[in-house]
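Here are the chains, one letter per residue:
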Amino acid sequence: MEQVAIRTWGNSQGIRIPKDILNKMKLKTSDILEIEIEKDAIVLRKKFTHKTFEERLAEYGGEISVSEFDWGEPVGREIL
């Protein structure tokens, strides 16, 4: 566990997030984080951002997994 110190930043206080944590979380300057208090902890979360179809397509690795699924025996008036 890393420790950080609270420092004065203008009229507010702030902390600096270590680079290795920024890299692990894939955060960069100007990213938006959600902040909340849970019991005695300050929790920062990456804000959900909707990806466009083009962004999702660019991340697509080209693999499709197909598998059989067993729905079980018919129990009603299903069409077989």
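Anything mentioned here points back to the structure above.
The residue numbers shown here count from 1 along each chain, following its written sequence. Per-residue local features are limited, in this predicted model, to residues with pLDDT of at least 70; the limit for side-chain atom pairs, both in listing and counting, is 80 or more; totals at the level of whole chains, interfaces and linings are taken over all residues. Only hydrogens and water are set aside; all other atoms, that is, all heavy atoms of the structure, feed into the side-chain values.

Draft legend 1. Structural detail: the overall build of the protein chain. Helix numbering and strand numbering both begin at the N terminus, where a helix is a DSSP run of H or I of at least 4 residues and a strand a DSSP run of E of at least 2. Looking only at helices and strands, the protein chain has two helices and four strands in total. Order of helices (α) and strands (β) in the protein chain, N terminus to C terminus: β-β-α-β-β-α. Throughout, radius of gyration means the C-alpha value; the globule benchmark is 2.2 Å times the number of residues raised to the power 0.38. Its C-alpha radius of gyration of 23 Å places the protein chain more than 25% over the 12 Å reference for a compact globule of 80 residues. Over its C-alpha atoms, taken along the principal directions, the protein chain stretches across nearly 70 × 35 × 25 Å.

Draft legend 2. Fine view of the pattern of salt bridges. A pair is scored as a salt bridge if a Lys or Arg side-chain nitrogen falls within 4 Å of a carboxyl oxygen belonging to Asp or Glu. Under the definition given, this model contains four salt bridges. Linking Glu38 and Arg45 is a salt bridge whose minimum nitrogen-to-oxygen distance equals 2.9 Å. Sharing partners across several salt bridges, the network here consists of Glu36, Glu38 and Arg45.

Draft legend 3. Examining unusual backbone geometry more closely. Look at Ser30: it is not a glycine, yet its phi comes out positive at around 80°. With respect to the helices and strands, the residue Ser30 is situated in the loop between helix H1 (19–24) and strand S3 (33–38). For Ser30, a relative accessible area of 65% corresponds to the exposed category. Phi angles above zero are rare outside glycine, and Lys39 is one such case at about 55°. Within the secondary structure layout, Lys39 lies in the loop between S3 and strand S4 (41–46). Only protein chains enter the calculation, and the probe is 1.4 Å; a residue is then buried if its accessible area is under 20% of its type maximum, exposed if over 50%, and partly exposed in between.

Draft legend 4. Representation of the packing of aromatic side chains within the structure. Centres within 6.5 Å are what make two rings of Phe, Tyr or Trp a pair, Trp counting through its six-membered ring; a difference in plane orientation under 30 degrees is then read as stacked, over 60 as edge-to-face, and the rest as tilted. Across all of its chains, the model carries one aromatic pair by this definition. Residues Phe69 and Trp71 carry aromatic rings whose centres are separated by 4.6 Å and whose planes lie at 65° to one another, so their mutual orientation is edge-to-face. Exposure class is identical for Phe69 and Trp71. Each is exposed.

Draft legend 5. Layout of the pairing of S3. Whether two strands pair comes down to DSSP finding at least two bridges between them. Relative to S4, S3 runs antiparallel, the two sharing six bridges. Within S4, the residue paired with Ile35 across the bridge is Leu44. Taken together, S3 and the strand that follows it, S4, pair antiparallel across an intervening segment of two residues, in which Lys39 is found at a positive phi of about 55°.

Draft legend 6. Structural context of the environment of Ile17. Along the polypeptide, Ile17 turns up in the loop between strand S2 (12–14) and H1. Sequence-wise, Ile17 and Glu2 are 15 residues apart; in three dimensions their C-alpha atoms are separated by 9.7 Å. In what follows, a contact means two residues having at least one pair of non-hydrogen atoms within 4.5 Å. Dropping the residues within four chain positions of it, Ile17 is found in contact with Leu22, Leu33 and Leu44.

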